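# Breakdown of the fold
As a plain string of letters, each chain reads:
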Amino acid sequence: MSEQSKSGGMKQKHAFITSRGTLDGAMPALVMALNSRRLGNDATIFYTFMGMDVIRPGGIDKLKFYPEGTMGAIPGMPHLATNMMKKWMAEANIPDASEMFEMAQLEGVKFVACHMTMEMMKLKQEDFVEGVEVWTAEEFIKYAGQCDLCLFT
């Protein structure tokens, strides 16, 4: 028999993929996975390529926002844009990335590192924050195939 979620529907599985180690690359998956858990669903974030920086110790605190196009190439612009984004988040009472990550951990979001990316970047399990699992792309694809929702953020 299937479980019911807190929203009254059947419990679902949701997967999110984060491939960028930037503020705007990490936050969408954290927000959606956290809200998924709060609705009573299973939520997993699969980190690959530069997204692996998010799950490294202290990495979440170093995330920056890089404007697209030529604006992002202006010296000092990422610093200015990051501070502006953080200010807007604070004014809107949105937790910063570090707080959001901690909430997600405490509320049961599963964090998964991509094995292939680990091999490519010569990373080991101990290079990540506590609780991160390691899956191959094949394992993630099998999992994602069973999900009700799978988003690339």
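Residues numbered from 1 in each chain as written. Predicted model: local features only at pLDDT ≥ 70, side-chain atom pairs only at ≥ 80, totals over all residues. Heavy atoms only, no water.

### As for helix α3 (residues 97-106)
Because each turn of an α-helix spans 3.6 residues, side chains separated by three or four positions in sequence point in the same direction. Short version of the rule: Only protein chains enter the accessibility calculation, which uses a 1.4 Å probe. A residue is then buried if its area is under 20% of the maximum for its type, exposed if over 50%, and partly exposed in between. Put simply, DSSP marks the helices as runs of H or I at least four residues long and the strands as runs of E at least two long, and each gets a number from the N terminus on. As used here, the arc is the angular range of directions from the helix axis to the C-beta atoms. Residue contacts are counted whenever heavy atoms from the two residues lie within 4.5 Å of one another. Within 3.5 Å is the distance limit for a polar contact, defined as a pair of N or O atoms, with the added protein rule that one can donate a hydrogen and the other accept it, and that residues adjacent in sequence qualify only through two side-chain atoms.
For α3, the set of buried residues is Ala97, Met100, Phe101 and Ala104. What you see down the axis of α3 is that its buried residues fit within an arc of 100°, all on one side. Check the buried side of α3 and you find it contacts α1 (23-38), β2 (42-47), α2 (77-91) and β3 (110-114). Where α3 starts, the residue carrying a side-chain oxygen 3.1 Å from the main-chain nitrogen of Ser98 turns out to be Asp96. Looking one or two residues past α3, Gly108 carries a phi angle of roughly 95°, positive in sign.

### Comments concerning the pairing of β2
Selection rule: The criterion for strand pairing is that DSSP finds at least two bridges linking the strands in question. By convention, orient the strands away from the viewer: a clockwise path from the first strand over the helix to the second makes the crossover right-handed.
The buried fraction of β2 amounts to five of the six residues, a majority that puts the element mostly inside the structure. Pairing analysis gives six bridges linking strand β1 (residues 13-18) to β2, with the strands arranged parallel. Of the residues in β2, the one forming a bridge with Thr18 is Tyr47. Traced from β1 through α1 to β2, the parallel crossover comes out right-handed. Of the strand pairs in this sheet, β2 and β3 are connected by four bridges, and their pairing is parallel.

### A closer look at α1
The condition is simple: By definition here, a helix of n residues has an expected span of 1.5 Å times n minus one.
Counted at 1.5 Å a residue, the expected span for α1 with its 16 residues is 22 Å, and the 22 Å between its end C-alpha atoms agrees. Of all the positions in α1, only Leu23, Gly25, Ala26, Met27, Ala29, Leu30, Ala33, Leu34 and Ser36 are classed as buried. Elements that come into contact with the buried residues of α1 comprise β1, β2, α2, α3 and β3. Following α1 by one or two positions, Gly40 has its phi on the positive side, about 95°.

### Looking at the nonpolar core
Nonpolar side chains tend to gather and get buried jointly when the protein is soluble and globular. Rules: In this description, a nonpolar core means a group of buried Ala, Val, Leu, Ile, Met, Phe, Trp, Tyr and Cys residues linked to one another through side-chain atoms lying within 4.5 Å.
In terms of nonpolar packing, the biggest core is built from 31 residues, with Leu30, Ile45, Tyr47, Phe101 and Phe111 touching the most fellow members. At the level of secondary structure, the elements contributing two or more residues to this core comprise α1, β2, α2, α3 and β3. Here the element with the most residues in this core is α1; it accounts for seven residues. Discounting residues that sit within four places of it in the chain, Phe111 has contacts with Leu30, Ile45, Tyr47, Phe101, Ala104, Gln105, Gly131, Val132 and Glu133. Counting residues in each nonpolar core, the second largest holds 10 residues, with Ala15, Ile17, Phe46 and Tyr143 among its members.

### A word on the pattern of salt bridges
Formally: One speaks of a salt bridge when a side-chain nitrogen belonging to Lys or Arg is within 4 Å of a carboxyl oxygen belonging to Asp or Glu.
Under the counting rule described, the total for this entry stands at six salt bridges. Residues joined by salt bridges that share partners form a network here, namely Lys11, Arg37 and Asp42.

### Observations regarding the side chain of His14
Along the chain, His14 turns up in strand β1. Residue classification places His14 among the buried residues on the basis of a relative accessible area of 8%. In contact with His14, other than residues within four places in its own chain, are Ser36, Asn41, Asp42, Ala43, Thr44, Tyr143, Cys147, Asp148 and Leu149.

### What about the packing of aromatic side chains?
Each aromatic ring pair is described using two quantities: the centre-to-centre distance and the angle formed by the ring planes. Put simply, the rule reads: Whether two aromatic rings pair depends on their centres lying within 6.5 Å, for rings of Phe, Tyr and Trp, where Trp uses its six-membered ring; planes under 30 degrees apart make the pair stacked, over 60 edge-to-face, and the rest tilted.
For the coordinates displayed, the defined rule picks out four aromatic pairs. An angle of 20° between the planes, with centres 4.4 Å apart, marks the rings of Phe46 and Phe140 as stacked. Here Phe140 lies in helix α5 (residues 137-145) and Phe46 lies in strand β2, a separation of 94 residues in the sequence. Among the residues examined, Phe46 registers a relative accessible area of 6% and is labelled buried. Relative to Phe111, the ring of Tyr47 lies with its centre 6.1 Å away and its plane at 40°, an arrangement referred to as tilted. In this pair, Tyr47 is assigned in strand β2 and Phe111 in strand β3, connecting sequence segments 64 residues apart. For the pair formed by Tyr47 and Phe111, the shared burial category is buried.

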